[in-house]
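Overview (structure and organization)
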Amino acid sequence: MFRAPERPGSARFSLVLPPPNVTGVLTLGHMLGDTVMDVLSRHRRMRGEATLWVPAVDHAGLATQVEVRRRLQREGTAFDALPRELALDALERWKAEHERRIREQIRAGGFSVDWTRYRYTMDEASARATREVFVSLFRAGLVYRGERMVNWDPRLRTAVSDLEVVRTEEEADLLFVRYPWADGTPDGMVVATVRPETIFGDVAVAVHPEDERYRNAVGREVTVPMTGRRVPVIADPSVDPAFGAGALKITPRHDLLDREIALRHPELATPQEIFDESARLTGEWVPSEFRGLDRDAARAKTTQSLDEEGRLVRRTRYRHAVARSERSDAVIEPRLSTQWFVRMAPLASPVIEAVRRGEIRIHPERWTHTFFRWIEEIQDWCVSRQVIWGHAIPVHYCRSCGEATASVDPPTECAACHGHDLVADPDVLDTWFTSWLWPFAALGWPERTSDLERYYPTSVLVTGRDIMFFWVARMMMAGYRFMGDRPFSDVYFTGMMRDESGHRMSKHLGNSPDPLTVIQERGADALRFALVFPNPTDEDSSFGAATLDGGRNFLTKLWNLVRFSTVHFPPGTPPPAGSPTLSASSALENRWILERYQRTAAEVAAALSGFEPSRAATALHSFVWHDLADRYVEIAKEALFGHRGEPLQRETQATLLFVLERTLRHLHPFVPHVTEELWHAIPHEGPLLASAAWPDAAEVAPDPMAEVEMGPVLEAVRLLRNLRAEAPTAPPRSARAWIRPSGPEVARVLSAERATVARLSQVGELAFLNDSAPPPAGAAGRVSPTGEYFLERPAGSGGGSAALERERELLSGLLAKTLARLADSGFRARAPPEVVREAEAKASELKERIDRIDQRVREEAAP
Ligand SMILES: [Zn+2]
């Protein structure tokens, strides 16, 4: 069913599934995105468009290695001590396990991906694409190897990108340390630092050139405490004179600003590395008693040492931003390190222009601003990682001349000196270096496959906005660079899922239920519907048992509706070929439901083409629940059971069948399993609903008068039912009712539909009053724009103040309960907005009824 045609026609729809990480299994957040994608895909497929949805999983390099490392640690094995082959085995096992579970989850959700085109970001074709891209960028001078300040994670012993770093405010000791004059004169320079352990790496003390306090200091030398090394005092305009005492120690290998200052002062000594890969003190500049200490121990020991040497002038508490690695929580060590970088600015500019031109549209549009803010200030991308799980960097170094040779296939000789003594780069590429190629790599690039020719550019990308920069923006860059075209025309950002207490669901927190469990308990369709209704899919929303109840209740309603209807489609009933032909003399309810259907169909079509699946689901929910099941079927029962003659029975059966069959088609993309099952229970044409054509709203001729005429009928039923509900003792079914219509048009419609109004509002006899008739004695009344409505009060209920009192007590009890529920903040946080609104409506209705009783008691007490 879901296999994309090899030779599509001109109408096509394609998308890639954002490859889920094999780090874990899918969460409800994934299910939300997958449901949105499936709704769009099934809709387009039913519209006859050649639809390709490519599934895949992502090897998630560093992230997976961290998970496997953690698992082995729990089992008592040190990952770092394992031989490479065994470590890779452990990683492969992890991948196989999680890949199986993820595929099972995608199937269980009923997502219509094309499994024949399943891909993995580390399969042979992906490896080839990754190498091609690296080499191409290398040749164009867009990747370079350089000594740059990187975010070093000393726990995982790898560089991580800016996006993988979390900054938080933390408190630390700010030490004021005296660096004595090297020539032995008293005093010296006082430097403020929170990192005394980096003192060993200092190459200078810097002050602002216009700082009067240090006018005579610049050019002199100080001694670095604990080392005896002499370093100069220099002037640099980037020093902030207001921080500490206005003098800054310069450690170029461990601070970005220090590094920039040092580059402006070539006279300074070449700094030596003072930390090893695990951020333990090391190297010639570090006195032997400090070597091997990690940063915490080093900080304690250097502080103590400075104190003992009398270098510590004072200390204060200080709040500052600390960068931690998202993967390991280790404090990031800014480190001057040799890594591979991608020059991003030249890749970003075509993307900025394309989004400006509207060539790629972002939904919801509000995220466009965030997108521009980031991409316009884009930094170079560090793409090398010091892990083993990933694509090797396709570079070899020459032992003879030192040059780097980049090549797709392993090189046989050095590109510079043609020497043969080559050694491979030991690092792997950042996972995103493969993911950013996905819209074309998933279609077979660099081969000119037929899929690539036919299905690129893809139509839409659906993903969470948390990876807007990691992934979405980079895919756009790669698309323009390597395909000369946008990777997709639309980007749709889903909201973030929160649990019932408002916390964001994440694998990390473990607060997302396993979708497989939810599906086993509630069914895939209940889950899918609850994900798109009632909360909009592009907003953050909380999700819990109550949300699932909403999905399940809707499906039950639909199921019951079809079960009731099938009785009226006797064997041999032909499938509906088109809209029943109705005339002005047809039953009003039939004209009305066709008009309501037609409007709903138009709304759904508009919502789906505008990437608003929740708006479409809301329109369908309201139509099925309120119009079709609650109103139409109730009104049409008389005709369906033949009480209004055979021609009307036939017309009503045909109308019901048509509307039901078309509605199931409309609902199919949202709830494919239940609708498929129900569709087979009614007369239909074709093998599967999944391959049935999407109905065109224009199939039904608009009949706006039907809705205008039905208005007063529904209004009359509502008001008479309210009068009945408000009566202190329930009026019998034979109770009389009167209507004084507000005008001749209302009068005409209501008298034509008199039987329907009487039946649905459960009154025995319905009479019309003219303008001059007095209100019926002893009847309760209501006024509305369509007229005045009266309902006979049961005999004896009039003077029953005891009965009124009992009623009032009952209602007050209910009101107190409802108000207590509403006052509970937990209820408001957990319940879907619809349920809260319902409770609010109930409370105000109860209040109104109590007021009315009070009014009646006063009236009856009056003389
Ligand atoms: Zn060479």
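Just so you know, these numbers come straight off a predicted model, no measurement behind them. (Residues numbered from 1 in each chain as written. Predicted model: local features only at pLDDT ≥ 70, side-chain atom pairs only at ≥ 80, totals over all residues. Heavy atoms only, no water.)

A word on the overall build of the chain
The test is simple: In DSSP terms, a helix is any run of H or I states spanning at least four residues, a strand is any run of E spanning at least two, and both are numbered starting from the N terminus. Values of the radius of gyration come from C-alpha atoms, whereas the globule rule sets the reference at 2.2 Å times the count of residues to the power 0.38. For every residue, the accessible area obtained with a 1.4 Å probe (protein chains only) is divided by the maximum for its type, and the residue is called buried under 20%, exposed over 50%, and partly exposed between those limits. Between two residues, a contact is recorded if the distance between any of their heavy atoms is within 4.5 Å. All accessible areas in this document rest on Shrake-Rupley with a 1.4 Å probe, and a residue is counted as covered only by the protein chains that are shown. Note on charges: Lys and Arg go in the positive column, Asp and Glu in the negative column, and His and the chain ends are not counted at all. Note that the charge is assigned to NZ on lysines, CZ on arginines, CG on aspartates and CD on glutamates.
Of regular secondary structure, the chain possesses 25 helices and 29 strands. Whereas a compact globule of 863 residues would reach a radius of gyration of roughly 29 Å, the chain reaches 37 Å, over 25% beyond that. Along the longest, intermediate and shortest principal axes, the C-alpha atoms of the chain span 115 × 75 × 50 Å. Here the chain, with 863 residues, has 55% of them falling under the buried criterion. At a minimum sequence separation of 6, the contacts of the chain that also span at least 24 residues come to 76%. Carbon and sulfur atoms make up 50% of the accessible area of the chain, which totals about 37700 Å². Of the side-chain charges in the chain, 108 are positive and 121 negative, and the distance between the mean point of each set is 2 Å.

Here's the deal with the sheet that holds strand β20 (residues 422-424)
Threshold: Between any two strands, pairing holds if DSSP finds at least two bridges. The convention used is that axes are lines fitted to C-alpha atoms, helices contributing only their stretch in contact, and that angles between N-to-C directions extend from 0 to 180 degrees.
In spatial order, the strands read β19-β18-β20; together these three strands make up an open sheet with antiparallel pairing. Since the sheet does not close on itself, it has two edges, and those belong to β19 (404-406) and β20, each with one partner. Averaged over neighbouring strand pairs, the angle between their axes works out to 30° when direction is ignored. Of the strands in this sheet, β18 (395-398) and β19 touch helix α4 (residues 124-139), which is tilted by about 130° from β19.

Structural notes on unusual backbone geometry
In this chain, H363 is followed by P364 through a cis amide linkage whose omega measures -10°. Along the chain, W445 connects to P446 via a cis peptide bond; the corresponding omega equals 10°. Along the chain, P446 turns up in the loop between α10 (438-441) and α11 (450-455). For M226, which is not a glycine, the phi torsion comes out positive at approximately 70°.

Points about the packing of helix α15 (residues 545-566) against helix α18 (residues 646-667)
Any two packed helices are characterised by the angle at which their axes cross and by the distance between the axes. What counts is decided by this rule: In this scheme, roughly parallel covers angles under 35 degrees and roughly antiparallel covers those over 145, while 65 to 115 is roughly perpendicular and the rest are oblique. Two helices that cross are described as forming a left-handed crossing if the nearer one is turned anticlockwise from the farther one by less than a right angle, and a right-handed crossing if clockwise.
For the pair α15 and α18, the least separation of the axes is 11 Å and the interaxial angle reads 150°. Taken together, α15 and α18 sit at an angle that is classed as roughly antiparallel. For α15 against α18, the interelement crossing comes out left-handed. On the side of α15, the interface is formed by F554, L558, L561, V562 and S565, while α18 contributes L656, L660, L664 and L667.

Some remarks on the coordination of the zinc ion
Quick reminder of the rule: In this description, a donor is an N, O or S atom within 2.8 Å of the metal centre, a cutoff extended to 3.2 Å for sodium, potassium and calcium. Water is not part of the atom list, which can make sites seem incomplete. Irregular is the label for any site that misses the other tests, which are tetrahedral for four donors with all angles between 85 and 135 degrees, and square planar for four donors or octahedral for six when opposite donors exceed 155 degrees and the remaining angles lie between 65 and 115.
Coordination of the zinc ion by the protein comes from C398 (SG), C401 (SG), C414 (SG) and C417 (SG), over a distance range of 2.3 Å. Given four donor atoms and angles of 104 to 114° at the metal, the environment of the zinc ion is assigned as tetrahedral. We note that the donor set of the zinc ion lies within a single chain, spaced as C-x2-C-x12-C-x2-C. For C398, a relative accessible area of 4% corresponds to the buried category.

Quick notes on helix α8 (residues 367-375)
The complete set of buried residues in α8 reads W367, T368, T370, F371, F372 and I375. Packed against the buried residues of α8 are α7 (345-357), β15 (361-363), α12 (468-483) and β23 (488-494).

Considering the packing of aromatic side chains
For clarity, the threshold we go by: Paired rings are identified among Phe, Tyr and Trp, the last through its six-membered ring, by centres lying within 6.5 Å, and are further divided according to the angle between planes into stacked (under 30 degrees), edge-to-face (over 60) and tilted (the rest). Placement of a positive charge over a ring is assigned whenever Lys NZ or Arg CZ falls within 6 Å of the ring centre and within 35 degrees of the normal to the ring plane.
Under the criterion given, the structure shown has 22 aromatic pairs. Chaining the aromatic ring pairs together yields one cluster made of F134, F138, W340, W381, F433, W436, F440, W445, Y456 and F482. When the ring centre of W152 is taken as reference, the NZ or CZ atom of R335 above it lies at 4.5 Å.

Comments concerning the environment of W436
With respect to the helices and strands, W436 occurs in the loop between α9 (432-435) and α10. By relative accessible area, which is 0% here, W436 ends up buried. When the C-alpha positions of W436 and T618 are compared, they lie 35 Å apart, and in sequence the two are 182 residues distant. Those residues in contact with W436 that lie beyond four places of it in its chain are V133, L137, L347, W381, W471, R474, M475, M477 and A478.

Here's the deal with the sheet that holds strand β9 (residues 204-207)
Reading across from one edge, β10-β11-β9-β12 is the order of the four strands in this open sheet, with mixed pairing throughout. Strands with a single pairing partner mark the edges of an open sheet, and in this sheet they are β10 (221-223) and β12 (247-250). Taken pair by pair, the neighbouring strands of this sheet meet at an average axis angle of 30°, ignoring direction. Pairing of β9 with strand β11 (residues 230-235), which is carried by three bridges, proceeds in the parallel orientation. The partner of V205 across the bridge, within β11, is V233. Packed on one face of the sheet, helix α5 (residues 256-264) meets β11 and β12 and runs near 85° to β12.

A few points about the pattern of salt bridges
As a reminder of what qualifies: In the sections that follow, a salt bridge refers to a side-chain nitrogen of Lys or Arg positioned within 4 Å of a carboxyl oxygen of Asp or Glu.
Per the stated rule, a full pass over the model turns up 72 salt bridges. R157 serves as the salt-bridge partner of D80, at 3.6 Å between the closest nitrogen and oxygen. Of this pair, D80 sits in the loop between α2 (61-74) and α3 (84-108) while R157 sits in the loop between β5 (143-153) and β6 (158-160), placing them 77 residues apart in sequence. Classification of D80 by relative accessible area gives partly exposed; the value is 44%. Of the charged contacts, one joins R596 and D627 as a salt bridge, the two residues approaching to 2.8 Å between their closest N and O atoms. Residue R596 is found in helix α16 (residues 588-609), and its partner D627 is found in helix α17 (residues 613-640); the two are separated by 31 residues along the sequence. As far as the burial class goes, R596 and D627 line up, both buried. What you see here is one network of salt bridges that share partners, running through E595, R596, R599, D627, R631 and E707.

Focus: empty space enclosed by the protein
The condition that has to hold: Here the term cavity refers to a set of points on a 1 Å grid, laid over the protein atoms alone, in which a 1.4 Å probe fits but cannot get out; the term pocket refers to an open set having protein on both sides within 12 Å along at least five of seven lines, with lining residues being those that place an atom within 4 Å of a point. Grid points are joined across faces, edges and corners, and a volume is the space filled by probe spheres set on the points.
Enumeration over the complete set of coordinates arrives at one cavity of 30 Å³ or more. Contributing to the lining of the largest cavity are L32, G495, M496, M497, A530, L531, N535, P536, T537, E539, S541 and F543.

What about the environment of V313?
Along the chain, V313 falls in strand β13 (residues 312-325). In this structure the C-alpha to C-alpha distance between V313 and D34, which are 279 residues apart in sequence, comes to 60 Å.

Notes on the side chain of Q105
By the element assignment, Q105 lies in helix α3. Those residues within four positions of Q105 in sequence are excluded, and the remaining contacts are V25, L26, M31, D514, P515 and L516.

So, the pairing of β9
Two faces make up the sheet, and in a regular strand the side chains alternate between them. Of the two faces of β9, both are covered, the one formed by A204 and A206 as well as the one formed by V205 and V207. In this structure, β9 lies alongside β12, joined through four bridges in antiparallel fashion. Across the sheet, residue V207 finds its bridge partner in β12, namely A247.

Description of the environment of Y118
Heads up, the condition is: Each polar contact in these results corresponds to two N or O atoms within 3.5 Å; when the atoms are within protein, one needs to be able to donate a hydrogen and the other to accept it, and residues that are neighboring in sequence are counted only if both atoms are side-chain atoms.
Considering the arrangement of structural elements, one finds Y118 in the loop between α3 and β4 (119-120). Exposure remark for Y118: the relative accessible area of 19% places this residue in the buried category. Expressed as a C-alpha distance, the spacing of Y118 and S825, which sit 707 residues apart in the sequence, is 46 Å. Side chain to side chain, Y118 and E99 meet in a polar contact 2.6 Å long.

Comments concerning the packing of helix α14 (residues 524-532) against α15
Note the cut-off: Residues are grouped as follows: nonpolar covers Ala, Val, Leu, Ile, Met, Phe, Trp, Tyr, Cys and Pro; charged covers Asp, Glu, Lys and Arg; every other residue, Gly included, is treated as polar.
For the pair α14 and α15, the least separation of the axes is 8 Å and the interaxial angle reads 115°. The two elements α14 and α15 cross, and the hand of that crossing is right-handed. Here D525, A526, L527, F529 and A530 of α14 come into contact with α15, specifically with T547, L548, G551, R552, F554 and L555. Here the contact of α14 with α15 is composed, by residue class, of seven nonpolar, two polar and two charged.

What about the side chain of D38?
Counting through the fold element by element, D38 comes out in helix α1 (residues 28-46). With a relative accessible area of 0%, D38 lands in the buried category. At 2.6 Å, the side chain of D38 and the side chain of R528 are in polar contact. Not counting residues within four places of it along the chain, the set of residues in contact with D38 comprises W53, G110, F111, S112, R528 and P669.

Concerning α15
Defined as follows: The span you would expect from a helix comes to 1.5 Å times its residue count less one. Working definition: the arc comes from the directions between the helix axis and the C-beta atoms, pointing outward to the latter.
The end-to-end C-alpha distance of α15, which contains 22 residues, comes to 32 Å, matching closely the 32 Å that a straight helix rising 1.5 Å per residue would cover. Of all the positions in α15, only T547, L548, G551, F554, L555, L558, L561, V562 and S565 are classed as buried. Summarising the axial view, the buried residues of α15 lie within an arc of 155°, below the 170-degree limit, and thus occupy one face. Considering only its buried residues, α15 is in contact with α13 (515-522), α14, β25 (541-542), α17, α18 and α19 (672-680).

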